[in-house]
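# Remarks on the overall topology
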Amino acid sequence: MKRTSRIPSVSRRVALGAAIVLAATSASVAAADDGPGPFGVTAMVGPTAESARIGALFTADTAGSLAGHHFCTASVVHSPRRDLIVSAAHCVDGDDTTGLVFVPGYRDGQAPYGVWKVGRRYLPDGWAKGQDEDSDVAFAVVDELGGKRVEEVTGANRFVSGMATGATAVTVTGYPDSREVPISCTNKPVAHSATQQRIDCPEFTGGTSGSPWVNGDHQVVGVLGGHQQGGATADTSYSVVLGSEAGELYNDAVGD
C-alpha cells in the first residue's frame, strides 16, 4: 500500500523501509513514448511546468506546517470548471469530516502555487460499496483560492479512459513520504490482469499512491493504486485499467 495512513478509515500501509537511492535528475529524462530511454530510472524532479500540475495531499490540520506531513499524491486534470484533481480512491475515502488540502508543486515544506482546500470527492461505486481494488481511482474538486481556480494557476493534464495498456511509455511522478521533493520514472506499463496494469520503477514507496501515469501527449492514462493499493514493494507499482467506470466517474465529476 503506497500511502501513509492519515485518514482514520484507512488501514496503515505496509512498511517499505528501503532507502531511496536516486540517479541524477538528468538521467531520468526520457520521452514518454517509444523514444530513447533510459527507462526504469527514478530521479528527483525539479520545478517545471509539468511538475506544477502534480502535488501532495495533506490533512487540513497540517496545512499550517506542511513539512513531513504529506501522505498521498494527486494531480490536476482538465475540466470545464478548471478545479479538478485525480488520485487513488484509497487516498481520499476517509470520514467526510476529515478535511484535506492539495499542494501542487510541493517542495521542501513550501507551497509555491498555494494550499488548496479539497471539496467534494467522487468515488466509483465499486470502491464506495466494497473497496474493490479494480475501482481504486477518484476525483475531487478543489475550492477557489484568491479568486482563481487551480488549473488556471498550474495548468492540467487530460484524463483519458479506454487507452490500451502499454500503448506508450508513461512517466510516473509522486511524493514518497520519506522525501520533501517529488520523484519521477519513465517506463512502459504491462498488463497485470484484464483490470490492472503495472510498471517497474524503483523506490516508489509509501506516499506515492495517487501518482499520475502521464504519456507523451500529457494524458493521464493511469493512477498509482489498484492492486494491493498500489503495490506491496517499492519497485513495482500498479494502476487500475482506466475503463468505462473511470470514464463515467470523470463525467460525473465534471457534470455536477
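Here goes a summary of the coordinates provided.

Rules used throughout
Residue positions within a chain follow its written sequence, with the count starting from 1. Totals for whole chains, interfaces and linings use every residue, but because this is a predicted model, local features are given only for residues with pLDDT of at least 70 and side-chain atom pairs only at 80 or more, for both listing and counting. Water and hydrogen atoms were dropped before computing side-chain values, which therefore reflect all heavy atoms in the structure. Strands here mean DSSP runs of E at least two residues long; helices mean DSSP runs of H or I at least four residues long; both are numbered from the N terminus. Between buried and exposed lies partly exposed: a residue is buried under 20% and exposed over 50% of the maximum accessible area for its type, with that area taken using a 1.4 Å probe on protein chains only. Contacts between residues were defined by any pair of non-hydrogen atoms, one from each residue, lying within 4.5 Å. The Shrake-Rupley method, run with a 1.4 Å probe, gives the accessible areas here. Residue values count only the displayed protein chains as cover. Between the rings of Phe, Tyr and Trp (Trp by its six-membered ring), a pair exists once the centres lie within 6.5 Å; its type follows the angle of the planes, with under 30 degrees stacked, over 60 edge-to-face, and the other angles tilted. Think of a nonpolar core as a cluster: buried Ala, Val, Leu, Ile, Met, Phe, Trp, Tyr and Cys residues, connected wherever their side-chain atoms sit within 4.5 Å. Paired strands, in this sense, are two strands between which DSSP finds at least two bridges. Disulfides are defined as pairs of cysteine sulfur atoms found within 2.5 Å of each other.

### Focus on the overall build of the chain
A tally of regular secondary structure across the chain gives four helices and 15 strands. Burial analysis of the chain (256 residues in total) assigns 54% to the buried set. If you take every contact in the chain between residues at least 6 apart in sequence, the share linking residues at least 24 apart comes to 69%. As displayed, the chain offers around 10100 Å² of accessible surface, 50% of which is attributable to carbon and sulfur atoms.

### Comments concerning the packing of aromatic side chains
Counted according to the given criterion, the structure contains five aromatic pairs. Every member of this aromatic cluster is reached through a ring pair, and the members are Phe58, Tyr106 and Tyr175.

### Looking at the environment of aspartate 252
Considering the arrangement of structural elements, one finds aspartate 252 in helix α4 (residues 244-255). For the pair aspartate 252 and leucine 123, spaced 129 residues apart in the sequence, the C-alpha separation amounts to 9.9 Å.

### Topic: the nonpolar core
In this structure, Leu57, Ile85, Phe102, Val118 and Val142 are the most contacted members of the largest nonpolar core, which totals 20 residues. Those elements that place two or more of their residues in this core are β3 (72-77), α1 (89-92), β5 (100-104), β6 (116-122) and β7 (138-142). If we skip the residues at most four places from it in the chain, valine 142 touches Asp83, Ile85, Phe102, Trp116, Lys117, Val118, Gly119 and Val150. The next biggest cluster of nonpolar side chains, apart from the first, holds 17 residues, and it includes Val137, Phe159, Leu242 and Ala253.

### Observations regarding the sheet that holds strand β15 (residues 236-240)
Sheet strands pair via backbone hydrogen bonds, and the direction of the pair is either parallel or antiparallel. The antiparallel open sheet is built from three strands, whose spatial order is β11-β12-β15. Every other strand in the sheet has two partners, leaving β11 (190-191) and β15 as the edge strands with one partner each.

### Some thoughts on the state of the cysteines
Note: disulfide means a covalent bond formed between the sulfur atoms of two cysteine side chains. Tallying each qualifying case throughout the model produces two disulfides. A sulfur-sulfur distance of 2.1 Å marks the disulfide that ties cysteine 72 to cysteine 91. Across the disulfide from cysteine 72 to cysteine 91, rotation about the S-S bond amounts to roughly -70°, and the bridge is consequently left-handed. Highlighted residues: cysteine 72 in strand β3 and cysteine 91 in helix α1, separated in sequence by 19 residues.

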